[in-house]
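A look at the structure
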Protein chains: 2
Amino acid sequence: MQGVMAWRLMRRKAFSTISKAFKSFSGYPTTRSPSLLELDLPDNWTPNPTTATTTAIPHFQNHASRQTAALIDGRLMAEEIRSGIASEIKRMRDATGKVPGLAVILVGNRKDSQTYVRNKIKACEEVGITSLMAELPDKCGEDEVLDAVLSFNENPSVHGILVQLPLPQHLDEEKILNAVSLEKDVDGFHPINMGNLAMRGREPLFVPCTPRGCIELLLRSGVQIMGKKAVVIGRSNIVGLPTSLLLQRHHATVTVIHAFTKNAEQITQEADIVVSAVGVPNLVRGFWLKPGAVVIDVGTSPVEDPGSEYGYRLTGDVCYEEAVKVVSAITPVPGGVGPMTIAMLLCNTVDSAKRAFGFS
Amino acid sequence: MQGVMAWRLMRRKAFSTISKAFKSFSGYPTTRSPSLLELDLPDNWTPNPTTATTTAIPHFQNHASRQTAALIDGRLMAEEIRSGIASEIKRMRDATGKVPGLAVILVGNRKDSQTYVRNKIKACEEVGITSLMAELPDKCGEDEVLDAVLSFNENPSVHGILVQLPLPQHLDEEKILNAVSLEKDVDGFHPINMGNLAMRGREPLFVPCTPRGCIELLLRSGVQIMGKKAVVIGRSNIVGLPTSLLLQRHHATVTVIHAFTKNAEQITQEADIVVSAVGVPNLVRGFWLKPGAVVIDVGTSPVEDPGSEYGYRLTGDVCYEEAVKVVSAITPVPGGVGPMTIAMLLCNTVDSAKRAFGFS
């Protein structure tokens, strides 16, 4: 539990910081006063490094013989979806002579971003989506990125525009993402899409890919969401927030847990559905989970592992070895949410092309 | 508990309806498939009429002698805020020669809407905000309402535009609200404002008035929100949703309860802060509440009361007579959230004028 303890320390530190905001409150409020919207404190989950190693956690060897939980196979479901998309695109090409196009903007030379982008483009090619790419140097100016966005906005053969995040520090992410045409915002990060996802009776043009993937994993596993208690751990704009909004649209009773939550274990213990998207290896231990719960593990962190081929292995937020003995179903890491995220990007791009072509 | 029981019945009924949506799920998903975004089922909280009477609830006579909870006096706080606004506007007029302007669009002749609008205009006059009004007949066309919105959008003396809801059935509320200039959306109902309220690191131009009022009531009562368990009962676009987003921005751990929630009482029992915005008189009974909790009651429903002057009295979602014996602080109905809502509308209008004038 060292990790969680360390994370509590972080929280207490943040408490003393924030208390100033309350002290400073006085007089007549203005919309922009921090006391109304509160300080946007970082959720510092970074645990004591020791939990990130395998010392506290039994190294995952041969789960098949030990696990009782059903495996939610994201690779298999993503494969089914991709083959469905491929035939949709064939049908589209046969009927209209056109295919969907996805444009990717990659700024800088982060290895992980390059890998993600490569995988997305490969996935596009496999299903018949044309992919365009704009690679910009790490030091490029904001106007260069905006120009790339605007030219893709105007390009009729582009139906989805993806700005690979994170962007270099000197660029204004909000400004750049807001410049993406609403009709091509296949990442669903535009505030209008987010607002329409949040508001009842509204429909966003696009639902962010990873949250959409989480819901598809649940639906395709036959998990009923309505009336269930759902806990989302993490509140990022990209995963935690939209996932909580989607689960609520499915009429779950949703609680969002973040780094300032007290007794996160106890709250999680009551959940029928747990979605964790924090990026802290093994933060969620077996005793956090209710017997029979369903777990979607979005976390994917590299953890040192001298035993494995590359010297590290990808690890989720949830301690898999402990969870499989408690829950009824769980996604593995890797092979759970990851493949679904790319599949949903393809879905969003095809949906966008269908709208553009008036094809259904 | 007849009311709550009846509400459960409603929920079960809805369950059977929605299960169809799951059965219909198959093949490759599209963004608009109901299985992804789910059906937008109404939260039917309507209880058995008998709870709306005073038979189940001891009639509130003389709480002063019985209550142990502190009263959160919305009238007093709103009065303080309004006098602060009045002096802000004087300062603005002295410096710029201009004052803020609020335009109200009222369609139809609903008595309650007319009353609300009258109160808002009266409050504007008291603090020195110029008010304009467009009254349209119940049967007017959508274009007439849109024309009114657009002319106010272009009018430089108007800094806030308020479309009084609900609109007559034949009008497209979404289309009309989205036509309001983002810079004048003092109700904060535009999806961009909602999206920016939901997303971390973003700031909406306006926060919806009632949710803003709820947070101000808590802050001005010295209630610490960060790290607290908060339960929001009701998930309307106007109150429940934005209030839950604001509480989360204040780093509370928020659970949203709706008509499909199971064991709403138990979940509410764990909350340090309860905000109820359902409109079902006395839905939240004393035993729903944790000793020492803080309650913000947004519900304001007329309940028959032969004993009172007009034959009815305004009643909240929370059974006040029971709650005051359990919680540490509570807003009365009337005299709690209501006055704050109007005060926040004035704040939003002044904030908007300050931005327009570049005055701070």
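Shown above is the structure to which this text applies.
The paragraphs below set out a description of the structure included in this document.

The rules we used
Residues numbered from 1 in each chain as written. Chains lettered and ligands numbered in written order. Predicted model: local features only at pLDDT ≥ 70, side-chain atom pairs only at ≥ 80, totals over all residues. Heavy atoms only, no water. Helix = DSSP H or I, 4+ residues; strand = E, 2+ residues; numbered from the N terminus. Buried < 20%, exposed > 50% of the residue type's maximum accessible area, 1.4 Å probe, protein only. Areas by Shrake-Rupley, 256 points an atom, 1.4 Å probe, with all protein chains shown as cover. Contact = heavy atoms within 4.5 Å. Axes fitted to C-alpha atoms, helices over the stretch in contact; angles between N-to-C directions. Parallel < 35°, antiparallel > 145°, perpendicular 65-115°, else oblique. Left-handed = near helix turned anticlockwise from the far one by under 90°. Nonpolar A, V, L, I, M, F, W, Y, C, P; charged D, E, K, R; others polar. Pairing = 2+ DSSP bridges. Buried area = accessible area lost by both parts, 1.4 Å probe. Salt bridge = Lys/Arg side-chain N within 4 Å of Asp/Glu carboxyl O. Polar contact = N/O pair within 3.5 Å; in protein donor to acceptor, adjacent residues only side chain to side chain.

Attention shifts here to the overall build of chain A. Regarding its fold elements, chain A presents 13 helices and 11 strands. Every one of the 360 residues in chain A was classed for burial, and the buried ones make up 59%. Taken as a whole, chain A presents about 14200 Å² of accessible surface, with 55% of it coming from carbon and sulfur.

Time to look at the environment of Leu146 of chain B. Residue and element names in this part refer to chain B. Mapped onto the elements of the fold, Leu146 is located in helix 6 (residues 142-154). The class of Leu146 is buried, set by a relative accessible area of 15%. Beyond its immediate stretch of four places on either side in the chain, Leu146 contacts Lys175, Ile176 and Ala179.

Residue and element names in this part refer to chain B. Where helix 5 (residues 111-127) contacts helix 13 (residues 337-357), the axes come no closer than 10 Å and their chain directions differ by 55 degrees. When the axis of helix 5 is compared with that of helix 13, the two are oblique. As helix 5 runs across helix 13, the sense of the crossing is right-handed. Residues Asn119, Lys120, Ala123, Cys124 and Val127 of helix 5 lie in contact with helix 13, whose contacting residues are Ile342, Leu345 and Leu346. Considering only residue class, the contact of helix 5 with helix 13 consists of six nonpolar, one polar and one charged.

Residues and elements named next belong to chain B. Ordered by their spatial adjacency, three strands build an open sheet running 3-2-4, and the pairing between neighbours is parallel. Each edge of the open sheet carries a strand with a single partner, namely strand 3 (130-136) and strand 4 (160-163). Shown here is a sheet whose adjacent strand axes are inclined to one another by a mean of 15 degrees, direction ignored. Packing against the sheet, helix 5 makes contact with strand 2 (101-107), strand 3 and strand 4, and its axis sits at approximately 170 degrees to strand 2. This element, helix 6, spans strand 2, strand 3 and strand 4 of the sheet and lies at about 180 degrees to strand 2.

What follows deals with the interface of chain A and chain B. Taken together, the contact pairs 79 residues of chain A with 80 residues of chain B. When chain A packs against chain B, the two sides together hide about 7200 Å² of surface, and 56% of this comes from carbon and sulfur. Viewed at the interface, chain B and chain A are joined by four salt bridges. At the boundary of chain A and chain B, one finds 17 residue pairs in polar contact (both at pLDDT 80 or more).

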